[in-house]
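# Results of the structural survey
The lines below spell out each chain.
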Amino acid sequence: DIIFEAASQDAVNQYAKKILENGKDIIIMSIGSLFDDDLRREITEIARQKECKIYLPSGAVCGIDGILSASLDQIDEVTLVTTKPPKAIDSSIKKRTVIFRGTAREAVKEFPKNINVAANLSLAGIGFDHTHVEIVIDPVATRNSHKILAHGRFGRLRAIVENMPNPNNPGSSYLASLSAIATLKRILNPIQIGA
C-alpha cells in the first residue's frame, strides 16, 4: 500500500512517478529531490489524479509544524543553521568552518545526502529560493544540530535540536530514522497530531 523510499534523490527521480501511477502512496526520505520544481509538480499532479499521498517525514528537526502553520499568512525569513562533526561530511576539517552559505535549493544540490531538512523546511515554509541555509563543520561537535530561525506575522520561531548521529550513517541524524517510523505510525493511527 505504501512504498518507502530511503535510498537517494536519484531513486525518487527514477521511481516516484511509477509508484504513484500504480496507485501507491509513497514516503519520501530523500526530500531534497523535490527541489526539482518540475518533478514536484508532476508527482503532485499524479498523486491527485490517482488519489494517492506523498508523505514527507519531519526528519531531523522540530518546528516543521510551526512553519507549516505560519505559512498560511506571511513568513518574512527562514534560516536553517546545521552543525555537524567532521566525520559526517569531511573528516579533514580540523577547525570550526562554515562550508556552505546559500539557499536551500543550492544546499540540497550540493549536499544531497546531508541536508534533507532544508528541503522539508522549504516546502513547509517560503520555498527553496527564499530559505537560507548555513552548514558548519565543527570538530568539537559530537552531535548533528539543526537550528531553525523564522519570523513573520505569526511572531518568531526558534527551534534547536541536537541529534545523535545515526549509528549506521553518521551523515544523518538518528531522529530522522525515528521520524520515518513515526510517519508510518501516523498513517495507521486514527488520531492525527500536528499541523
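Refer to the preceding data block for the structure.
This section reports on the structure supplied with the text. (Residues numbered from 1 in each chain as written. Predicted model: local features only at pLDDT ≥ 70, side-chain atom pairs only at ≥ 80, totals over all residues. Heavy atoms only, no water.)

### Quick notes on helix α7 (residues 174-188)
- In this model α7 runs 22 Å from its N-terminal to its C-terminal C-alpha over 15 residues, within 8% of the 21 Å that 1.5 Å per residue would give.
- Among the residues making up α7, those that are buried are Ala176, Ser179, Ala180 and Thr183. Seen along its axis, α7 keeps its buried residues to an arc of 105 degrees; they face one direction. Exposed and oriented more than 90 degrees from the buried face of α7 are Lys185 and Leu188. (Helix = DSSP H or I, 4+ residues; strand = E, 2+ residues; numbered from the N terminus. Expected span 1.5 Å × (residues − 1). Buried < 20%, exposed > 50% of the residue type's maximum accessible area, 1.4 Å probe, protein only. Arc of directions from axis to C-beta.)

### A closer look at the pattern of salt bridges
- This structure, assessed with the given rule, holds eight salt bridges.
- A salt bridge links Arg153 to Asp73; the shortest N-O distance between them is 2.9 Å. Residue Arg153 is located in the loop between β7 (144-152) and β8 (155-163), and its partner Asp73 is located in the loop between α3 (64-70) and β4 (75-84); the two are separated by 80 residues in the primary sequence.
- Asp73 sits in the partly exposed class, given a relative accessible area of 46%.
- Note that Asp129 is salt-bridged to Arg105, the shortest N-O span being 2.7 Å. One end of the pair, Asp129, is in the loop between α6 (116-124) and β6 (131-137); the other, Arg105, is in helix α5 (residues 104-110), with 24 residues separating them in the sequence.
- On the basis of relative accessibility, which here comes to 42%, the residue Asp129 falls in the partly exposed class.
- Overlapping salt bridges bring together Asp37, Arg40, Arg105 and Asp129 as one network. (Salt bridge = Lys/Arg side-chain N within 4 Å of Asp/Glu carboxyl O.)

### Comments concerning the sheet that holds β4
- The strand order across the open sheet built from five strands is β5-β6-β4-β7-β8, with neighbouring strands paired in mixed fashion. Two strands lie at the open edges of the sheet, namely β5 (97-103) and β8, each paired on one side alone. Averaged over all pairs of adjacent strands, the angle between their axes in this sheet comes to 10 degrees, without regard to strand direction.
- Inspection of the sheet shows β7 paired to β8 by nine bridges, in the antiparallel sense. Bridging from a neighbouring strand, His146 pairs with Val161 of β8.
- Seen against the sheet, α6 touches β4, β6 and β7 and runs at an angle of roughly 170 degrees to β4. (Pairing = 2+ DSSP bridges. Axes fitted to C-alpha atoms, helices over the stretch in contact; angles between N-to-C directions. Contact = heavy atoms within 4.5 Å.)

### Some thoughts on the packing of helix α1 (residues 9-21) against helix α2 (residues 37-50)
- One way to put it is that α1 packs onto α2 with a least axis distance of 8 Å and a crossing angle of 15 degrees. Taken together, the axes of α1 and α2 lie roughly parallel to each other. Considering how the two elements wind past one another, α1 and α2 form a crossing that is left-handed. Residues Val12, Asn13, Ala16, Lys17, Leu20 and Glu21 of α1 form the contact with α2, whose own contacting residues are Leu39, Glu42, Ile43, Ile46, Ala47 and Lys50.
- A breakdown of the residues in the contact of α1 with α2 according to their chemical character gives seven nonpolar, one polar and four charged. (Parallel < 35°, antiparallel > 145°, perpendicular 65-115°, else oblique. Left-handed = near helix turned anticlockwise from the far one by under 90°. Nonpolar A, V, L, I, M, F, W, Y, C, P; charged D, E, K, R; others polar.)

### Examining the side chain of Asn144
- By the secondary structure assignment, Asn144 is in strand β7.
- Within the structure, the side chain of Asn144 is placed 3.4 Å from the side chain of Ser173, a separation counted as a polar contact. (Polar contact = N/O pair within 3.5 Å; in protein donor to acceptor, adjacent residues only side chain to side chain.)

### Quick word on the nonpolar core
- Counting residues in each nonpolar core, the largest one holds 41 residues, and the members touching the most others are Ile67, Ile115, Val133 and Ile148.
- Here the element with the most residues in this core is α6; it accounts for five residues.
- Residues contacting Ile67, with those up to four places away along its chain left out, are Ile75, Val78, Leu121, Ala124, Gly125, Ile148, Ala150 and Leu157. (Core = buried A, V, L, I, M, F, W, Y, C linked by side-chain atoms within 4.5 Å.)

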